Amino acid sequence: MSSTENLVARYLQAWNTTDSVERAAVLAEVFTEDACYTDPLVDAEGRDVIDQVIAGAQAQFGGLVFSSGGSVDAHHNTARFSWHLGVPGEEPLVIGFDVAVIENDRFTKVYGFLDKVPAA
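Residues numbered from 1 in each chain as written. Predicted model: local features only at pLDDT ≥ 70, side-chain atom pairs only at ≥ 80, totals over all residues. Heavy atoms only, no water.

Per an unreviewed UniProt entry, the protein goes by Nuclear transport factor 2 family protein and derives from Solihabitans fulvus.

As structure tokens, then:
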């Protein structure tokens, strides 16, 4: 597994880690302190705010799991990858992809996009 693939795997692990202390440790490995995370629903600046966003998503989607949607595509200091959110072994409820900027083996910026979302 490449360092970028490992970084993406750890990133998805952060979204699934419900223990706040463990999640903070994973986020420290994955994100720079001043990292930004932006998707259609949120614009978060700083690792602590990203942690709050993840905790909020976990509260909203309790019992659902983030998983890889396929291979990681990367060049230079940029990676893109798809992800699924749902019950393991079932059709994902949400499908998206992220584009991440990498510096010193950590994400500095992540831009999230939603391809499939449940009907309201």
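So much for the structure itself; the text now carries on.
1. Here's the deal with the UniProt feature "domain: SnoaL-like" (unreviewed entry) in the protein
UniProt records the feature "domain: SnoaL-like" (unreviewed entry) for residues 8–108 in the present numbering. For the annotated span residues 8–108, helix accounts for 34% and strand for 42% of the residues, and the straight-line distance between the end C-alpha atoms is 13 Å. (UniProt positions renumbered as here; feature names shortened; annotations may be inferred. Helix = DSSP H or I, 4+ residues; strand = E, 2+ residues; numbered from the N terminus.)

2. Notes on the packing of aromatic side chains
Scanning the model with the defined rule gives ten aromatic pairs in all. Between tyrosine 11 and phenylalanine 31 the ring centres are 5.9 Å apart and the planes differ by 65°, which places this aromatic pair in the edge-to-face class. Of this pair, tyrosine 11 sits in helix H1 (residues 3–16) while phenylalanine 31 is found in strand S1 (residues 31–39), placing the two residues 20 residues apart along the sequence. Considered together, tyrosine 11 and phenylalanine 31 belong to a single accessibility category, that of buried residues. Ring pairs connect the aromatic residues Tyr11, Trp15, Phe31, Tyr37, Phe66, Phe81, Trp83 and Phe107, which therefore count as one cluster. (Phe/Tyr/Trp six-rings, centres within 6.5 Å; stacked < 30°, edge-to-face > 60°. Buried < 20%, exposed > 50% of the residue type's maximum accessible area, 1.4 Å probe, protein only.)

3. What to know about the pairing of S1
Pairing between S1 and strand S7 (residues 106–116): four bridges, direction parallel. When the bridges of S7 are listed, phenylalanine 31 appears paired with phenylalanine 107. In this sheet, strand S2 (residues 42–45) lies alongside S1 in antiparallel orientation, the contact comprising four bridges. Bridge assignment links aspartate 39 to a residue of S2, and that residue is valine 42. Linking two consecutive strands that pair antiparallel, namely S1 and S2, is a turn of two residues. (Pairing = 2+ DSSP bridges.)

4. Comments concerning the nonpolar core
Of all hydrophobic cores here, the largest spans 27 residues; its most connected members are Tyr11, Trp15, Phe31 and Phe107. For this core, the secondary structure elements donating two or more residues are H1, helix H2 (20–30), S1, helix H3 (47–60), strand S5 (78–86), strand S6 (94–103) and S7. Broken down by element, this core gets its largest block of residues, six residues, from H1. Excluding its chain neighbours within four sequence positions, the residues that come into contact with phenylalanine 31 are Tyr11, Arg47, Ile50, Arg106, Phe107 and Val110. (Core = buried A, V, L, I, M, F, W, Y, C linked by side-chain atoms within 4.5 Å. Contact = heavy atoms within 4.5 Å.)

5. A short note on the side chain of arginine 23
Along the chain, arginine 23 falls in helix H2. The exposure class of arginine 23 is buried, given its relative accessible area of 4%. Sequence-distant contacts of arginine 23, defined by excluding residues within four places in its chain, comprise Ala14, Thr17, Thr18, Asp51, Ile54, Ala55 and Gln58.

6. Side note on the pattern of salt bridges
Taken as a whole, this structure holds five salt bridges when the rule is applied. The partner of arginine 23 in a salt bridge is aspartate 51, and the shortest N-O contact between them spans 2.5 Å. One end of the pair, arginine 23, is in helix H2; the other, aspartate 51, is in helix H3, with 28 residues separating them in the sequence. Each member of the pair arginine 23 and aspartate 51 is classed as buried. Aspartate 73 is the partner of arginine 80 in a salt bridge, and the nearest nitrogen-oxygen pair spans 2.9 Å. Classification of arginine 80 by relative accessible area gives partly exposed; the value is 48%. (Salt bridge = Lys/Arg side-chain N within 4 Å of Asp/Glu carboxyl O.)

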